[in-house]
Amino acid sequence: AVVSTQSIAPVGFVDKLVTRQLLRHNLAYETIGYNQTTNFWIGPDYQSLIHLGAKYSPCMRKDKEYFEKIEDDIAVEDGTGCCIREDLNACWQTKQSQCTSSFAKFKENKVCGLGKHGCYNEAYSNESLWEGAYSTWPNCPVEEEHRAEISALDKDKNGVKIEKDHLLCEVSARPCCIGLQGECTIVSQEECSFRKGFFHENATLCSQVSCITDVCGLSGFLFDNVPDQFYRALLPTFMHAGIIHLAITLVFQATILRDMEKFAGWWRIGFIYFASGIGGTMLSAILIPYQPEVGASGALYGILASLIVEVVVNWKIYKSPFLELAKLLLLLALLFLVGLLPWIDNYAHIGGFLFGFLTSFVVLPHVNFSEEDRIAKLVVQIACGVLSVVLFALLFIVFYLAQGSTCENCIYINCIPFTDSFCQDSTMELRPRIGV
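Residues numbered from 1 in each chain as written. Predicted model: local features only at pLDDT ≥ 70, side-chain atom pairs only at ≥ 80, totals over all residues. Heavy atoms only, no water.

Quick look at the overall build of the chain
Next up, step 1: In terms of helices and strands, the chain carries 15 helices and nine strands.
Next up, step 2: In terms of overall dimensions, the chain is more spread out than a globule: its C-alpha atoms have a radius of gyration of 28 Å, far above the 22 Å expected for 436 residues.
Next up, step 3: Looking at the chain residue by residue over its 436 residues, the buried ones come to 48%.
Next up, step 4: Here the contacts in the chain between residues at least 6 apart in sequence split such that 68% fall between residues at least 24 apart.
Next up, step 5: Of the charged side chains in the chain, 33 are positive and 46 negative; the average position of the first set lies 4 Å away from that of the second. (Helix = DSSP H or I, 4+ residues; strand = E, 2+ residues; numbered from the N terminus. Rg over C-alpha atoms; globule rule 2.2 N^0.38 Å. Buried < 20%, exposed > 50% of the residue type's maximum accessible area, 1.4 Å probe, protein only. Contact = heavy atoms within 4.5 Å. Lys, Arg positive; Asp, Glu negative; His and termini not counted. Charge placed at Lys NZ, Arg CZ, Asp CG, Glu CD.)

Some points on the state of the cysteines
Next up, step 1: Taken as a whole and assessed by the stated rule, the structure comprises eight disulfides.
Next up, step 2: Paired by a disulfide, C82 and C112 hold their sulfur atoms 2.1 Å apart. Disulfide C82-C112: the torsion about the S-S bond is 110 degrees, which places it as right-handed. On the criterion of sequence distance, the pair formed by C82 in strand 3 (residues 81-85) and C112 in the loop between strand 5 (104-108) and helix 5 (147-152) is long-range, its members being 30 residues apart. When sorted by exposure, C82 lands in the same class as C112, which is buried.
Next up, step 3: For C184, the disulfide goes to C206, at an S-S distance of 2.1 Å. (Disulfide = S-S within 2.5 Å.)

A short note on the nonpolar core
Next up, step 1: Of all hydrophobic cores here, the largest spans 33 residues; its most connected members are L49, Y56 and W343.
Next up, step 2: Those elements that place two or more of their residues in this core are helix 2 (46-52), helix 4 (64-77), strand 8 (183-187) and helix 8 (211-216).
Next up, step 3: The biggest single contributor to this core is helix 8, with four residues.
Next up, step 4: Here W343 is in contact with T38, N39, F40, W41, P44, D45, Y46, L49, A241, Q291 and E293, once residues within four sequence places are set aside.
Next up, step 5: If you look at the next biggest cluster of nonpolar residues, it comprises 26 residues, including Y273, A296, L307 and L325. (Core = buried A, V, L, I, M, F, W, Y, C linked by side-chain atoms within 4.5 Å.)

Brief notes about the pattern of salt bridges
Next up, step 1: The tally for this structure, following the rule as stated, stands at 11 salt bridges.
Next up, step 2: For D63, the salt bridge is made with R61, and the minimal N-O distance between the two is 2.8 Å.
Next up, step 3: For D63, a relative accessible area of 1% translates into the label buried.
Next up, step 4: Residues participating in the shared-partner salt-bridge network are R24, E30, E191 and R195. (Salt bridge = Lys/Arg side-chain N within 4 Å of Asp/Glu carboxyl O.)

Focus: the confidence of the model for the chain
Next up, step 1: Averaged over every residue, the pLDDT of the chain is 88; residues scoring 70 or more account for 94%.
Next up, step 2: Of all the helices and strands in the chain, helix 1 (residues 2-5) carries the lowest mean pLDDT, 49, while helix 13 (residues 346-363) carries the highest, 95. (pLDDT = per-residue confidence, 0-100.)

Considering the sheet that holds strand 9 (residues 198-199)
Next up, step 1: Taken in spatial order, the three strands of this open sheet run 8-7-9, and their pairing is antiparallel. The open sheet has two edge strands with one neighbour each: strand 8 and strand 9.
Next up, step 2: As paired elements, strand 7 (residues 174-178) and strand 8 share five bridges and run antiparallel to each other. Counted as the bridge partner of P175 is I186 from strand 8. (Pairing = 2+ DSSP bridges.)

Notes on the pairing of strand 1 (residues 16-23)
Next up, step 1: Sheet analysis places strand 1 next to strand 2 (residues 29-36), joined by eight bridges and oriented antiparallel. Among the inter-strand pairings, T19 is bridged to a residue of strand 2, identified as G33.
Next up, step 2: A loop of five residues connects strand 1 with strand 2, the two strands running antiparallel in sequence, and L27 in this loop sits at a positive phi of about 60 degrees.

Overview of helix 12 (residues 321-338)
Next up, step 1: The end-to-end C-alpha distance of helix 12 is 26 Å, a good match for the 26 Å that 18 residues give at a rise of 1.5 Å each.
Next up, step 2: Taken together, the buried positions of helix 12 are occupied by P321, L325, L328 and L332. What you see down the axis of helix 12 is that its buried residues fit within an arc of 65 degrees, all on one side. Among the exposed residues of helix 12, those oriented more than 90 degrees off its buried face are F322, L323, L330 and L337.
Next up, step 3: Buried-residue contacts for helix 12 involve helix 11 (297-313) and helix 13. (Expected span 1.5 Å × (residues − 1). Arc of directions from axis to C-beta.)

Written out as structure tokens, the structure reads:
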């Protein structure tokens, strides 16, 4: 269903540069480009997957680093002004250094299409509302029906000449939320559409929009700019990055998972499956918070862990238990090596395996060979159950409260950077911002 409703990303491991010549906000044709994410699973790009429910930490918590970047952007916005191209009566909000057209003039401390003399809403008539940072200004843009009145204005009540050029010009660029980070830039609607962004035609400043809400989608947030989609801890387990990804999961479920369900019962395997899926997702959300991830790989690793536990607890039943254990460990080692490629999340695999291992000791059936064996297995069950609960609580506490911790070499567990851009999303940092 996802593939049928979302566009397919280019197939590959590294971003693809996409360029096009289009009419920009300065009303000149220019060739612009952006890096489009690829997907070797043959499926949607990262942005579409986030919008559909992928694991993405900024959608699950008020991410400290993400919102610090937004505060930095707002500070930059306060240093912008209105660039007016007089020959075409067009204007856009930008820095003075970027208002370079021969026919353009820069209005410092002015906002295109927004100001106290252009607002006819009595609720915003208090002049103090129009002082200070732009982010505190009311969102009361100039309305078409009042243009004639604004044009007729000459001086304010203090006899000071009213500047109105920035209120009467045609605003050619508005806020557009672009990319995984939902970075806001002031561009034309055509450029925003080309960059696959979210265009806000009723806003004039980036501080007036919530880009993280656009990026995350789904049910939105209970409170503005307070991400709370905690259900993304489970939702990615039901999603897949593409056709190949889905096919691999179905083959696993139709073979190994089906046999384990026959052996242990649906509720035991279901418990292990979902506990492993959530545990793997949360570990991934902590270690690579800005890399979107989907898939049941954490849950499937939990099932592989249950196979190992089944061998261990029923050791005496097997004719060659060491051989059975060696085969399973070799399979896990091979899968771990495959997990060093982009778009494959080894952290989710490790987390899923750990919780699958612990919960399997708790719920899987086993044979007791003596009273001492029964007591020993009971102690292990209790210990693994307590440890599972403690680790789950610890993961959620670290995720929500201990943000900003770093692990420079952890990237090599998840992806081997054969080139500079090969593992570009498998880090703990946000990408550099484009800027206003």
